Amino acid sequence: MSKMEYWWLLIILFLANGQWCCLGCWKEERSALLQLKANINYIGSGGFLSSWMANETSDCCRWLGVVCSNSTRRITELSITVSEKDMNDTLPLFNASLFLPFRDIRALLLPGNSFVGWADTEGFEKLKQLRKLEKLDLSGNLFNRSIFLSLSQLSSLKSLNLKDYNIGSGFERLSGLNKLEILDLSDNTLNDENVLSALGKLIITLEKPSLI
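Read on for a plain summary of the structure. Nothing here was measured: the structure is a model prediction, and the numbers come from that model.

**Points about the pairing of strand 4 (residues 75–79)**
Two faces belong to every sheet, and in a regular strand the side chains alternate between them.
1) Next: The buried fraction of strand 4 amounts to four of the five residues, a majority that puts the element mostly inside the structure.
2) Next: Where strand 3 (residues 66–68) lies against strand 4, three bridges are found, and the strand directions are antiparallel. When the bridges of strand 4 are listed, C68 appears paired with I75.
3) Next: Hairpin remark: strand 3 followed by strand 4, antiparallel, with six residues in the connecting loop; positive phi at R73, about 65°.
4) Next: The pairing of strand 4 with strand 5 (residues 107–109) spans three bridges and is classified as parallel. Paired with S79 across the bridge in strand 5 is L109.

The structure is reproduced here in structure tokens:
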């Protein structure tokens, strides 16, 4: 096999597996972003997700809230914030599988999206497949305390933002996150002062919430 034939074979294999990079971003990740947009029930004509367009010539690395690696063009940071006025009347459910195509992601920022829970078997524990994920921002959503058991399996996390949750207990379940360095619990009300001491053994920075 000649060198030219070898390179053509590689190109064909890439195309056959759907891994071909589409004008700066990867096709599979671009498709995943559009699925995320649909899952959030976005109906706004402008605003944050207006740049996320089902256009084959659109480079998703240039979309608002998307950061890609300069070398691999894989998504390394994803930030999604959508106001309720840009959603339909159905509040969104978190679906972890929609984030799994972003295999190199390090930061996932989802503040204030009015998530009220997750679809069946689609909790945060699935995100443990994203082994490079270090930063997760879920501030200002509407999850209940069942979120803590799900989050406790994300052992790669170094930073977790749970600001502005009206949940009084359950935070101690996070004590098993051994790599966690920053935990933001501000604007929460804790029922037990012992929770802070249990968490403090593993956390370098803790923005102190209020206690009752």
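**Some remarks on the side chain of S79**
1) Next: Tracing the chain through its elements places S79 in strand 4.
2) Next: Among residues more than four places away in sequence, those in contact with S79 are F48, G65 and L109.

**Quick notes on a nonpolar patch on the surface**
1) Next: Together, L93, V116 and L142 make up a nonpolar patch on the protein surface, roughly 230 Å² of accessible area in all.
2) Next: Tracing the chain through its elements places V116 in the loop between strand 5 and strand 6 (135–137).
3) Next: Owing to a relative accessible area of 35%, V116 belongs among the partly exposed residues under this scheme.

**Brief notes about the pattern of salt bridges**
Side chains that carry opposite charge are capable of pairing whenever their charged atoms lie near each other.
1) Next: For the structure shown, the criterion picks out eight salt bridges.
2) Next: Among the salt bridges present, the one from D59 reaches R73, with a minimum N-O distance of 3.9 Å. With a gap of 14 residues between them, D59 in the loop between helix 2 (27–39) and strand 3 and R73 in the loop between strand 3 and strand 4 connect regions that are remote in the sequence.
3) Next: One salt bridge connects E122 with K126, and the closest N-O pair in it is separated by 3.2 Å.
4) Next: E122 sits in the buried class, given a relative accessible area of 12%.

What counts, and where the lines are drawn
- Residues numbered from 1 in each chain as written.
- Predicted model: local features only at pLDDT ≥ 70, side-chain atom pairs only at ≥ 80, totals over all residues.
- Heavy atoms only, no water.
- Buried < 20%, exposed > 50% of the residue type's maximum accessible area, 1.4 Å probe, protein only.
- Helix = DSSP H or I, 4+ residues; strand = E, 2+ residues; numbered from the N terminus.
- Pairing = 2+ DSSP bridges.
- Contact = heavy atoms within 4.5 Å.
- Patch = residues over 30% accessible without salt bridge, like charges linked within 9 Å, V, L, I, M, F, W, Y side chains within 5 Å.
- Areas by Shrake-Rupley, 256 points an atom, 1.4 Å probe, with all protein chains shown as cover.
- Salt bridge = Lys/Arg side-chain N within 4 Å of Asp/Glu carboxyl O.

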